[in-house]
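Each chain, written out:
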Amino acid sequence: MSELIDQTELQSRAERLVAAARNAGADACDAIAVTGVSLGVEVRDGKVEETERAEGDDVTLRVFVGKRSAAVSANQLDNPSDLAERAVAMAKVAPEDPFAGLADPDLLVKQLPELELLDSKQLSADELTNIALQAEAAGLSVEGVSKSGGASASWRLAGVVMATSHGFQGSYLSSRFGMSMTAVAGDGTAMERDYDFDSRTFFEDLDAPADIGRRAGQRAVRRLNPDKLSTRTTNVVYEARAARSILGHLVGAINGASVARKTSFLMDHMGEPVLAPGLTVVDDPFKRRGAATRPFDGEGTEASVLNMVEDGVLQHWYLDGASARELGLTPNGRARRAGSGTSPGSTNVTLMPGEKSLEELMADAGDGLLVTDLIGHGVNGLTGDYSRGAAGFWFENGKIVRPVSEITIAGNLKDMFKRMVPGSDLDNRYAAAAPSIMIEGMALAGN
């Protein structure tokens with residue numbers, strides 16, 4: 001991959017920025033140099049609609065003058081001194097932040113782990129076009145599909161280098177491949193659409209294009225002629241695709257920055273049960289070929305695999321340096337770069353699966369709603385109140401009887417978390433991985 005991304009040049013950019021910032025008067029600083037190459041193709045009705053190739057470079061310098069900080073970014077680095085002097089001047093007039101600063105040197109990564117982040121395979125525009133066309137053709141072949149909403153295939157390569165004034169240097173390359181297909185079923189005002197997709201670090205791990213297209217078509221067809229439901233209290237089963245959003249709400253609630261700001265409904269629950277007994281949530285920055293795998297975080301801090309929740313009990317916050325200092329804790333390698341500073345966040349986070357299949361969860365629930373699609377972002381992070389638009393299927397005696405739409409499901413996440421029953425069908429492909437989830441006794445608003 002050296003012909004596409006020169007890590008040596010990236011390293012040089014970061015090191016020159018750090019040296020220039022120290023010369024300009026920064027007490028401490030760090031620099032991140034990022035570059036990327038991507039190629040994507042979109043097709044519709046058997047023809048290429050768009051082919052896009054992008055190449056980009058970006059450098060970000062963050063400087064500290066006492067407890068004041070500032071950051072500047074640039075696409076080109078013609079003169080590191082100019083960028084450094086501007087950053088230091090900005091920092092000198094910035095308000096003080098008692099929690100600002102580089103990571104403690106004792107907490108820095110000492111040796112970068114070996115991770116499977118880079119597939120050497122490169123795809124041409126013709127190869128990507130063929131993949132997208134295969135997916136589209138498979139979707140259109142499903143009985144009941146009336147037209148294509150388009151299909152796409154993409155490939156990208158990214159390089160990251162980080163250097164700090166207190167001696168940390170790290171770099172890595174990563175690859176990503178993806179494809180998707182959207183199918184439309186029915187005609188006129190009775191049309192329904194759905195999609196399927198896949199995204200992987202290694203090309204060989206991708207689902208077959210025909211499988212992606214066929215599943216998209218089948219999902220669209222089964223949504224035809226949906227009913228509406230009357231308002232009621234019912235059991236709700238989230239299929240794995242939708243269940244990832246429930247896991248995302250938990251991740252947001254245990255973010256150290258939210259806890260420090262006192263804007264999380266779980267801020268007083270450390271060491272207490274927050275999920276049902278037996279449930280465990282694992283965050284693994286070193287997951288092989290994982291979507292959010294990385295050898296170091298946005299501050300160069302050492303990380304480890306963490307059971308964020310174990311046997312239902314909350315064990316950790318997501319912490320970067322600033323949130324950890326504010327909370328009087330030790331950072332745990334979950335820093336993400338965010339503009340002029342960092343923010344804490346998850347890596348590869350997984351709700352560990354249970355023992356029952358989706359069908360068995362529905363059988364246990366008896367009657368209820370199978371959620372396949374969620375709409376809106378109706379979650380109050382301070383109270384945990386939850387209200388989302390939804391579509392899916394009504395089931396009776398554990399068997400799907402009809403598609404339904406235009407529904408709102410509501411509850412409070414504190415209660416929902418403690419009633420969660422995970423299935424066995426863990427979808428482990430993405431940064432937030434969850435199996436299907438059943439939650440008893442949710443409010444459903446319909447007609």
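Computed from a predicted structure; not experimentally measured. (Residues numbered from 1 in each chain as written. Predicted model: local features only at pLDDT ≥ 70, side-chain atom pairs only at ≥ 80, totals over all residues. Heavy atoms only, no water.)

Visitor: Would you explain the overall build of the protein chain in this entry?
Guide: Each helix and strand in the protein chain was counted, giving nine helices and 19 strands. Computed over its C-alpha atoms, the radius of gyration of the protein chain comes to 24 Å, within 12% of the 22 Å expected for a compact globule of 447 residues. Expressed as a percentage of the 447 residues in the protein chain, the buried residues total 53%. Of the contacts formed within the protein chain by residues at least 6 apart in sequence, a portion of 72% connects residues at least 24 apart. Here the protein chain displays about 19200 Å² of accessible surface, and carbon together with sulfur accounts for 47% of that area. Both charge centroids of the protein chain, one from 45 positive and one from 63 negative side chains, sit 3 Å from each other. (Helix = DSSP H or I, 4+ residues; strand = E, 2+ residues; numbered from the N terminus. Rg over C-alpha atoms; globule rule 2.2 N^0.38 Å. Buried < 20%, exposed > 50% of the residue type's maximum accessible area, 1.4 Å probe, protein only. Contact = heavy atoms within 4.5 Å. Areas by Shrake-Rupley, 256 points an atom, 1.4 Å probe, with all protein chains shown as cover. Lys, Arg positive; Asp, Glu negative; His and termini not counted. Charge placed at Lys NZ, Arg CZ, Asp CG, Glu CD.)

Visitor: Which parts of the structure should I look at to understand helix α5 (residues 240-253)?
Guide: Quick reminder: α-helices carry 3.6 residues per turn. Residues three or four places apart thus point the same way. With 14 residues, α5 extends 20 Å from end C-alpha to end C-alpha; this agrees with the ideal 20 Å at 1.5 Å per step. Buried residues dominate α5, accounting for 11 of its 14 residues. If you check which residues of α5 are buried, you get A240, R241, A242, A243, R244, I246, L247, H249, L250, V251 and A253. (Expected span 1.5 Å × (residues − 1).)

Visitor: Can you walk me through the pattern of salt bridges in this structure?
Guide: Any two side chains of opposite charge can pair, on the condition that their charged atoms come close. Scanning the model with the defined rule gives 33 salt bridges in all. Ionic pairing is found between E116 and R289, a salt bridge with its closest N-O pair at 3.0 Å. One end of the pair, E116, is in the loop between α2 (80-92) and α3 (125-140); the other, R289, is in the loop between β8 (281-283) and β9 (306-310), and 173 residues separate them in sequence. The class of E116 is partly exposed, set by a relative accessible area of 31%. For R289, a relative accessible area of 24% puts it in the partly exposed group. (Salt bridge = Lys/Arg side-chain N within 4 Å of Asp/Glu carboxyl O.)

Visitor: Quick question: what am I supposed to make of the environment of R402 here?
Guide: Secondary-structure assignment places R402 in strand β16 (residues 399-412). Residue R402 is classed as partly exposed on the basis of its relative accessible area, which comes to 26%. As a C-alpha pair, R402 and S436 span 34 residues in sequence and 19 Å in three-dimensional space. Here D227 takes part through its side chain, which lies 3.1 Å from a polar atom of the side chain of R402. (Polar contact = N/O pair within 3.5 Å; in protein donor to acceptor, adjacent residues only side chain to side chain.)

Visitor: Please explain the nonpolar core as it appears in this structure.
Guide: Side chains that are nonpolar tend, in soluble globular proteins, to be buried together. In terms of nonpolar packing, the biggest core is built from 51 residues, with L17, A21, V59, L61, V63, L83 and M181 touching the most fellow members. Those residues within four positions of V63 in sequence are excluded, and the remaining contacts are A21, A26, A28, C29, R68, S69, A70, A87, V88 and A91. Counting residues in hydrophobic clusters, the runner-up holds 47 residues, among them A243, M308, L319 and M420. (Core = buried A, V, L, I, M, F, W, Y, C linked by side-chain atoms within 4.5 Å.)

Visitor: Got a minute to help me understand the packing of aromatic side chains in this structure?
Guide: Where two aromatic rings form a pair, the distance of their centres and the angle of their planes describe that pair. Under the counting rule described, the total for this entry stands at six aromatic pairs. A centroid spacing of 5.3 Å and a plane angle of 70° characterise the contact between F168 and F296, whose relative ring orientation is edge-to-face. Here F168 is found in the loop between β4 (145-164) and β5 (169-185), whereas its partner F296 is found in the loop between β8 and β9, with 128 residues between them in sequence. Of the two residues examined, F168 and F296, each falls in the buried class. (Phe/Tyr/Trp six-rings, centres within 6.5 Å; stacked < 30°, edge-to-face > 60°.)

Visitor: Would you explain the sheet that holds strand β6 (residues 192-200) in this entry?
Guide: Within a sheet, neighbouring strands are paired by backbone hydrogen bonds and run either parallel or antiparallel to one another. Taking strand neighbours across the sheet as the criterion, the six strands line up as β3-β2-β1-β4-β5-β6 in an open arrangement whose pairing is antiparallel. Of all the strands in the sheet, just β3 (68-74) and β6 have a single pairing partner and so form its edges. Strand after strand, the sheet turns through a mean of 20° between neighbouring axes, direction not considered. Where strand β1 (residues 28-44) lies against strand β2 (residues 47-65), 17 bridges are found, and the strand directions are antiparallel. Residue pairing for β2: D30 is matched across the bridge by R62. The strands touched by α2 within the sheet are β2 and β3, with β3 carrying the most contacts at an inclination of about 145°. Sheet contacts for α3: β1, β2, β4 and β5; angle to β4, the most-contacted strand, approximately 140°. (Pairing = 2+ DSSP bridges. Axes fitted to C-alpha atoms, helices over the stretch in contact; angles between N-to-C directions.)

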